[in-house]
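# Analysis of the macromolecular model
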Amino acid sequence: MRLLKINGVYRLKKYLFFLFLVSCSAWSDVIPNAPHIYVEGYAEQRVKPEIIVISAYLRHTDKDASVAKSEVDRRSVELFEVVKKMGIAQEDIRATPLRIAPHNEYKNGEEINLGTRVVRSIDITLRDLSLYNELNQSLVDAGVSETLDAEVKVENPREIKKQVLFEALKNARQKAEQLAELNGKKIKDVYSISEFKTRDESVYDLIPSQEIYGQSSSELAGVSVRFRAPPPQSGLFEIGEMTASATVYVVFTIQ
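Reference entry: report on the structure contained in this document. (Residues numbered from 1 in each chain as written. Predicted model: local features only at pLDDT ≥ 70, side-chain atom pairs only at ≥ 80, totals over all residues. Heavy atoms only, no water.)

### As for the overall build of the protein
- Broken down by element type, the protein carries four helices and eleven strands.
- For the protein, the proportion of its 255 residues judged to be buried stands at 32%.
- Put simply, of all contacts in the protein between residues at least 6 apart along the chain, 79% involve residues at least 24 apart. (Helix = DSSP H or I, 4+ residues; strand = E, 2+ residues; numbered from the N terminus. Buried < 20%, exposed > 50% of the residue type's maximum accessible area, 1.4 Å probe, protein only. Contact = heavy atoms within 4.5 Å.)

Next comes the structure, spelled out in C-alpha cells:
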C-alpha cells in the first residue's frame, strides 16, 4: 500500500516536471537568451461607420396562441411595407423564425400564466446612413415594434484591423529603436511577435487586443457599438465615428 502511494507521488512529480519543461520550452520560443528588447506597440485609427443594422423586436402575448401569432405576422407585414417604401433591398432585411413559448409572471410569489408569447426579430441593414433618422421615425410612427436597437458597422473590419495592426508594428519598431539608441545599441532582428502579453499572467487569457468601437452617450463598446434608437423627436441625431485599435508585443534582438 505504501509502495503504491510512493509510486503515485513519484508519477505526480514526474508529470509536473514534464509540464515545467513544456512551459519553459514555450517561453523560450518567445523570449531569447540573447540580449533583447521587449516592447509594446499600439496604434489606433478613426473609422467612419459604413452601415447600420437596425433590429426591430416584434412580440405579442395572448391567451390564444393563434391570436398572438396573427398579431406578430400583421406587424411584420407592416414593417416590411415601411422598409420597402424606403427603397431598402430585400436581401438587406432578415427575419428570424417565430419563437412561441408560454409567458409567465410572478405576483406576490405566485406564478401566473398570461398566455402564449410570440416573438420575432427583424434586422434591417441600412447602407445609406443619411436615411437612418427617416427610417427610425417611420418605424416608430408605424408602431410595429416596442424596441428598436441599432448597431454601427464597417463593411470590411478585417482589412481595417490589418491596417491598424501594421501601424502598431511600426510603433513597436520605433520604440525599440529609441530604447536601443539610448543605450548605444541597434536593433538586430525581430525574434517574436505576439498579440498576447508574454510576460504577464494575461498570457493565459488569450484575447487579442484588437477592436473597433464607436461611442454612444459617452459609453464605449468593443468591436461595434450598440445603442437604443433615439426617440422620435431626435431628428438631429448623428452617427459618430468609430475607433479601430491594435496592440502587439514584439521582441527584438539587439547588437
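Anyway, onward from the coordinates.
### A closer look at the pairing of strand β4 (residues 99–107)
- For β4 and strand β5 (residues 110–126), the ladder comprises nine bridges, and the chain directions are antiparallel. Bridge pairing in β5 links I100 to V118.
- The antiparallel pairing of β4 with β5 creates a hairpin that spans two residues between the two strands, and N108 there sits at a positive phi of about 55°. (Pairing = 2+ DSSP bridges.)

### Section: the pattern of salt bridges
- The tally for this structure, following the rule as stated, stands at eight salt bridges.
- Salt-bridge contacts for E241 lead to R46; the nearest nitrogen and oxygen are separated by 3.1 Å. In this pair, E241 is assigned in the loop between β10 (226–228) and β11 (242–254) and R46 in strand β1 (residues 36–47), connecting sequence segments 195 residues apart.
- Where E155 meets R127, a salt bridge forms, and the shortest distance between an N and an O atom there is 3.0 Å. One end of the pair, E155, is in the loop between β6 (147–153) and α4 (157–182); the other, R127, is in the loop between β5 and α3 (132–142), with 28 residues separating them in the sequence.
- For R127, a relative accessible area of 44% gives the class partly exposed.
- Among the ionic contacts, a cluster of salt bridges with common partners joins K69, D73 and R120. (Salt bridge = Lys/Arg side-chain N within 4 Å of Asp/Glu carboxyl O.)

### Remarks on the environment of K48
- Summarising the element assignment, K48 is placed in the loop between β1 and β2 (51–62).
- Given the relative accessible area of 65%, K48 is considered exposed.
- Remark: the alpha-carbon pair of K48 and K153, spanning 105 residues in sequence, is separated by 8.9 Å.

### Notes on the nonpolar core
- Within the largest apolar cluster, 28 residues are counted, with the highest numbers of intra-cluster contacts made by L79, V83, I88, I124, L135 and L139.
- Those elements that place two or more of their residues in this core are β2, α2 (65–85), β5, α3, β6 and β11.
- Sequence-distant contacts of I88, that is, excluding residues within four places in its chain, are made with V83, I93, I124, T125, L126 and L135.
- Grouped together as the second largest cluster of nonpolar side chains are 14 residues, I37, A180, A246 and V250 included. (Core = buried A, V, L, I, M, F, W, Y, C linked by side-chain atoms within 4.5 Å.)

### With respect to α3
- Every buried residue of α3 is accounted for by Y132, L135, N136 and L139. Angularly, the buried residues of α3 cover 100° about the axis, an arc narrow enough to put them on a single face.
- Looking at the residues trailing α3, positive phi occurs at G143, about 65°. (Arc of directions from axis to C-beta.)

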